[in-house]
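Single-letter residue listing:
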Number of protein chains: 2
Amino acid sequence: MPEEPIVTPYEVKGEVDYDKLIKQFGTQPITDELLERLKKHTKTLHPYLTRKIFFSHRDFDWLLDQQEKNNPFYLYTGRGPSENVHIGHVTVWRFTKWLQDQFDCELWFQLTDDEKFLFKDKLSLEETNSMAYENALDIIALGFKPKKTFLFADTDYAGHMYREAIKVAKYLTVSTVKATFGLKDEDNIGQIFYTSMQSVPCFLPSVLKKKKIPCLIPLAIDQDPHFRITRDIMPKLGYYKPAILHQRFLPALTGTGKMSSSEGVAIYTTDSPIVVKQKINKYAFSGGRETIEEHRKLGGDIAKDIPYQWLTFFEEDDVKLKKIHDEYVSGKLLSGEIKQILIEKLNEFLKEHQRKREKAKSQLDNYILKD
Amino acid sequence: MPEEPIVTPYEVKGEVDYDKLIKQFGTQPITDELLERLKKHTKTLHPYLTRKIFFSHRDFDWLLDQQEKNNPFYLYTGRGPSENVHIGHVTVWRFTKWLQDQFDCELWFQLTDDEKFLFKDKLSLEETNSMAYENALDIIALGFKPKKTFLFADTDYAGHMYREAIKVAKYLTVSTVKATFGLKDEDNIGQIFYTSMQSVPCFLPSVLKKKKIPCLIPLAIDQDPHFRITRDIMPKLGYYKPAILHQRFLPALTGTGKMSSSEGVAIYTTDSPIVVKQKINKYAFSGGRETIEEHRKLGGDIAKDIPYQWLTFFEEDDVKLKKIHDEYVSGKLLSGEIKQILIEKLNEFLKEHQRKREKAKSQLDNYILKD
């Protein structure tokens with residue numbers, strides 16, 4: 001028997017079974033009915049929805065109820081600034097931007113410099129804090145609305161955050177946090193406390209505007225445990241439980257788990273075209289066959305082929321994606337060729353992203369909240 | 001065998017043996033030599049020193065070394081604002097004011113509204129925060145220097161505090177905090193984290209002024225565990241260990257442990273003369289004898305007599321105190337009479353204090369730091 005996969009904010013290990021995760025975490029699958037209902041608001045559906053890359057939710061139906069009752073929501077997502085942004089992070093945020101455009105809503109974006117400092121032995125707070133503003137450039141580059149998007153690094157916004165965090169903390173026992181995140185008595189007290197800081201943006205806008213505002217959090221599924229806890233506590237503080245949309249991980253280049261720079265190879269938003277090419281050619285796990293002859297005969301194994309899996313995240317045109325799919329399965333497209341398609345797709349995106357990222361340096365002040 | 005007394009910031013129980021505490025906590029007794037050395041700086045000695053009410057220290061000799069090397073210190077003390085100030089708290093602060101006057105140094109005064117919220121089930125943060133500013137009036141009333149005294153409530157100064165607190169937290173394991181404060185897995189994660197906030201004023205002035213500044217903390221001995229922890233961590237962060245002066249507790253009116261409103265009767269700075277009189281007469285544990293005849297013959301038992309013990313804190317004139325002592329021991333002074341002396345002494349102090357406390361309402365802005 002293979003070991004059970006582990007999915008927490010601090011560890012993702014093993015082959016993730018997303019259907020099992022829905023049962024294990026107690027979330028709801030995103031059904032076609034739910035998508036039809038959403039479509040009444042958005043007219044079109046983002047390919048991440050039709051492709052079930054966002055595959056699970058909590059209370060998204062309730063959120064649409066509220067929207068329909070003229071009680072509109074805001075978005076909340078975040079980033080742990082331990083290093084440069086890689087393209088796995090960008091996928092969640094591109095979808096978040098789509099949501100902001102569709103609903104014309106605010107986005108509260110937390111940069112958890114405190115978390116990364118507390119969880120990474122070797123990083124100083126100066127390092128995680130300056131990385132937060134480095135990462136902010138990537139977020140701004142994605143084109144979020146300047147007057148409706150608020151980015152804040154926890155330690156520079158602690159005057160607002162800490163007083164709310166302790167209200168959450170008072171309801172959270174050490175046992176609960178240890179069990180939820182796999183923390184131990186040997187871990188530091190900042191790690192134990194931290195989840196209460198991640199809870200705060202679920203209700204901070206409600207505090208500041210002095211009314212209960214619904215909150216929607218698009219995130220990769222490994223972050224769910226933080227908000228499972230938060231959701232239990234919010235009603236006790238007099239706020240709504242946040243609704244959540246869960247994304248599958250962009251798979252690791254080498255084939256299992258999520259792409260993560262701490263384990264394996266990642267492609268960063270700052271990588272040059274040549275580096276992207278080298279990484280894909282060298283590391284991307286291929287579903288191609290042993291020989292060209294065999295490949296032509298059997299076709300590529302699409303379920304295992306990382307270049308194809310990645311294209312489901314990066315080729316948003318359904319028609320083009322289907323063509324790639326069919327040609328790869330039929331054996332017409334070789335594994336070197338599908339890699340080349342991915343390389344071009346990524347480099348096309350990165351070229352534009354890097355240009356906007358450069359421009360973002362002069363736009364930081366329009367987005368950043370500080371005490 | 002009686003149970004071992006418990007002395008932590010969150011529990012003081014049993015008959016406290018101060019000599020044992022010195023061994024148990026690993027502190028140094030305040031010796032006559034040390035007092036002579038201090039006297040070179042201060043010319044006179046505060047009666048709390050000659051009477052060994054401040055009886056123990058950590059690194060006070062080192063602090064005087066620094067002072068003599070033109071590396072002057074600042075003072076740090078604090079208050080947990082769960083309720084009105086009682087006269088037990090005032091005793092430490094009057095001594096702190098004497099130190100400020102002698103050394104013309106800064107005083108950083110922490111109001112731990114977060115702590116009291118996290119440790120008291122029934123108190124809201126709004127309550128502990130507004131109590132912090134109520135308590136600040138008592139502190140200001142004692143006459144600390146306006147331009148050299150900085151009062152701050154943790155949640156209103158968290159923009160400065162939190163980023164430093166997590167630097168301490170990173171070095172502190174959950175086990176250490178549980179062992180030091182008697183906390184358990186059922187306690188909340190804010191309680192576990194809190195001690196790192198209490199550490200911050202030990203080095204915040206050094207952070208803000210960008211140089212290492214020695215720190216002296218006068219406190220009641222039950223607060224020592226916080227700083228025992230802090231002292232281990234400060235060198236790792238590149239700061240000095242704080243020096244500490246430990247005070248004995250003002251004994252409880254009823255005779256054992258420290259005076260505390262949560263357990264027993266306390267006299268508040270806002271009590272009226274009639275209330276003070278009633279509390280002393282009704283509750284003060286007396287060392288007087290069963291009958292007047294016996295008392296005249298044997299004299300009062302001064303070691304057990306709370307009115308006398310309290311006068312060692314409130315009658316600062318050594319000559320007057322000795323007279324009371326001798327007359328009580330000889331049986332000349334009756335227990336009703338020594339109570340009357342204490343009542344008059346307290347009411348005299350409180351009358352003046354309440355006048356200054358009223359005046360302090362217009363002076364808050366000169367003392368309070370906020371983000």
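These lines cover the structure that appears in this document, whether it is placed above or below.

Cut-off values and rules
Residues numbered from 1 in each chain as written. Chains lettered and ligands numbered in written order. Predicted model: local features only at pLDDT ≥ 70, side-chain atom pairs only at ≥ 80, totals over all residues. Heavy atoms only, no water. Helix = DSSP H or I, 4+ residues; strand = E, 2+ residues; numbered from the N terminus. Polar contact = N/O pair within 3.5 Å; in protein donor to acceptor, adjacent residues only side chain to side chain. Contact = heavy atoms within 4.5 Å. Buried < 20%, exposed > 50% of the residue type's maximum accessible area, 1.4 Å probe, protein only. Pairing = 2+ DSSP bridges. Phe/Tyr/Trp six-rings, centres within 6.5 Å; stacked < 30°, edge-to-face > 60°. Least-squares fit on C-alpha atoms with pLDDT ≥ 70 in both. Buried area = accessible area lost by both parts, 1.4 Å probe. Salt bridge = Lys/Arg side-chain N within 4 Å of Asp/Glu carboxyl O. Nonpolar A, V, L, I, M, F, W, Y, C, P; charged D, E, K, R; others polar. Core = buried A, V, L, I, M, F, W, Y, C linked by side-chain atoms within 4.5 Å. Arc of directions from axis to C-beta.

Turning our eyes to something else, we now look at the side chain of Thr 195 of chain B. With respect to the helices and strands, the residue Thr 195 of chain B is situated in helix H10 (residues 189-199). Here His 226 of chain B takes part through its side chain, which lies 2.8 Å from a polar atom of the side chain of Thr 195 of chain B. In this structure Thr 195 of chain B touches Ile 189 of chain A together with Leu 172, Val 177, Phe 181 and His 226 of chain B, once residues within four positions along its chain are discounted.

Residues and elements named next belong to chain B. Taking burial as the measure, the 5 residues of strand E9 (residues 243-247) include 5 buried ones, the bulk of the element. Going residue by residue along E9, you find Ala 243, Leu 245 and Gln 247 tucked away on one face and Ile 244 and His 246 tucked away on the opposite face as well. When strand E4 (residues 54-58) meets E9, the two strands line up antiparallel, connected through 4 bridges. Across the sheet, His 57 pairs through a bridge with Leu 245, a residue of E9. Where strand E8 (residues 215-220) lies against E9, 5 bridges are found, and the strand directions are parallel.

Attention now goes to the packing of aromatic side chains. Applying the stated criterion across every chain, the model contains 38 aromatic pairs over all chains. Ring geometry for Tyr 48 of chain B versus Phe 313 of chain B: centroids 5.9 Å apart, planes at 65°, classification edge-to-face. Here the residue Tyr 48 of chain B occupies a position in helix H3 (residues 47-50), and Phe 313 of chain B occupies one in helix H15 (residues 306-314), the gap between them amounting to 265 residues. Phe 313 of chain B matches Tyr 48 of chain B in its accessibility class, with the two residues each being buried. Taken together, Tyr 48, Phe 54, Phe 95, Trp 98 and Phe 313 of chain A form an aromatic cluster joined through their ring pairs.

Another aspect to go through is the side chain of Thr 195 of chain A. In this structure Thr 195 of chain A comes out as buried when scored by relative accessible area, which is 2%. The residues touching Thr 195 of chain A, leaving out its near neighbours within four places in the chain, are Leu 172, Val 177, Phe 181 and His 226 of chain A together with Ile 189 of chain B.

Below, the discussion takes up the relation of the copies chain A and chain B. Superposition of chain A onto chain B requires a rotation of 180° combined with a translation of 0.0 Å along the rotation axis, giving an RMSD of 0.0 Å. One copy is carried onto the other by what is essentially a two-fold rotation axis. Relative to the rotation axis, the closest C-alpha in chain A is found at Gly 159 of chain A, a distance of 1.9 Å. The fraction of interface residues of chain A whose copies in chain B are also interface residues reaches 100%, indicating that both copies meet through the same surface.

Listed by partner, the interface residues are 37 residues for chain A and 37 residues for chain B. Interface of chain A and chain B: buried area, both sides summed, is about 3,100 Å²; carbon and sulfur atoms make up 66% of it. For chain A, the biggest contributors to the area lost against chain B are Tyr 162, Lys 170 and Ile 189 of chain A; these three give 27% of the whole. In this structure, the salt-bridge partner of Arg 163 of chain A is Asp 156 of chain B, at a minimum N-O distance of 2.9 Å. Tallied by class, residues from the side of chain A that touches chain B come to 15 nonpolar, 8 polar and 14 charged.

Residue and element names in this part refer to chain A. Note that Lys 332 resides in the loop between helix H16 (318-330) and helix H17 (335-360). When the C-alpha positions of Lys 332 and Val 275 are compared, they lie 27 Å apart, and in sequence the two are 57 residues distant. Residue contacts for Lys 332: discarding those within four places in its chain leaves Arg 296, Glu 327 and Glu 337.

This part takes up unusual backbone geometry. Comment: phi is negative for the bulk of residues other than glycine, and the bulk of peptide bonds are trans. Residues and elements named next belong to chain B. Of note in the backbone geometry, Lys 43 takes a positive phi value of approximately 65° without being a glycine. Of note, Lys 210 is a non-glycine position whose phi angle comes to about 55°, a positive value. Relative to the elements of secondary structure, Lys 210 occurs in the loop between helix H11 (204-209) and E8.

Turning to the nonpolar core, a few remarks are in order. Residues Trp 108, Tyr 162, Phe 193 and Ile 217 of chain A together with Tyr 162, Phe 193 and Ile 217 of chain B are the most contacted members of the largest nonpolar core, which totals 83 residues. Setting aside its immediate chain neighbours within four residues, Phe 193 of chain A contacts Tyr 162, Ala 165, Ile 166 and Ala 169 of chain A together with Tyr 162, Ile 189, Gly 190 and Phe 193 of chain B. Core analysis: the next-biggest nonpolar cluster, separate from the first, contains 68 residues, Ile 87, Ile 139, Phe 314 and Leu 321 of chain B among them.

Attention now moves to helix H1 (residues 18-25) of chain A. Counting along an α-helix, one turn takes 3.6 residues, and residues three or four places apart therefore face a common direction. Residues and elements named next belong to chain A. Looking at H1, one finds that the buried residues are Tyr 18, Leu 21, Ile 22 and Phe 25. Along H1, the residues classed as buried sweep out an arc of 105° about the axis, all on the same side. Exposed side of H1, more than 90 degrees from the buried face: Asp 19 and Lys 23 are the residues found there. Looking at the buried positions of H1, the neighbouring elements they touch are strand E1 (6-8), strand E3 (28-29), strand E4 (54-58) and helix H12 (224-237).

Another point: the environment of Ala 360 of chain A. All names here are of chain A. Here Ala 360 lies in helix H17. Accessibility expressed as a relative area gives 0% for Ala 360, which makes it buried. With 217 residues separating them along the chain, Ala 360 and Gly 143 place their C-alpha atoms 9.5 Å apart. Non-local contacts of Ala 360, meaning those with residues more than four positions away in its chain, are made with Leu 137, Ile 140 and Ala 141.

Residue and element names in this part refer to chain A. Reading across the sheet, the 7 strands line up as E3-E4-E9-E8-E5-E6-E7 and stay open at both edges, with mixed pairing between neighbours. At either end of the open sheet lies a strand with only one pairing partner, and these are E3 and strand E7 (149-153). Relative to strand E8 (residues 215-220), strand E5 (residues 74-79) is paired through 2 bridges, and the arrangement is parallel. Looking at E8, one finds that Leu 75 is bridged to Leu 216.

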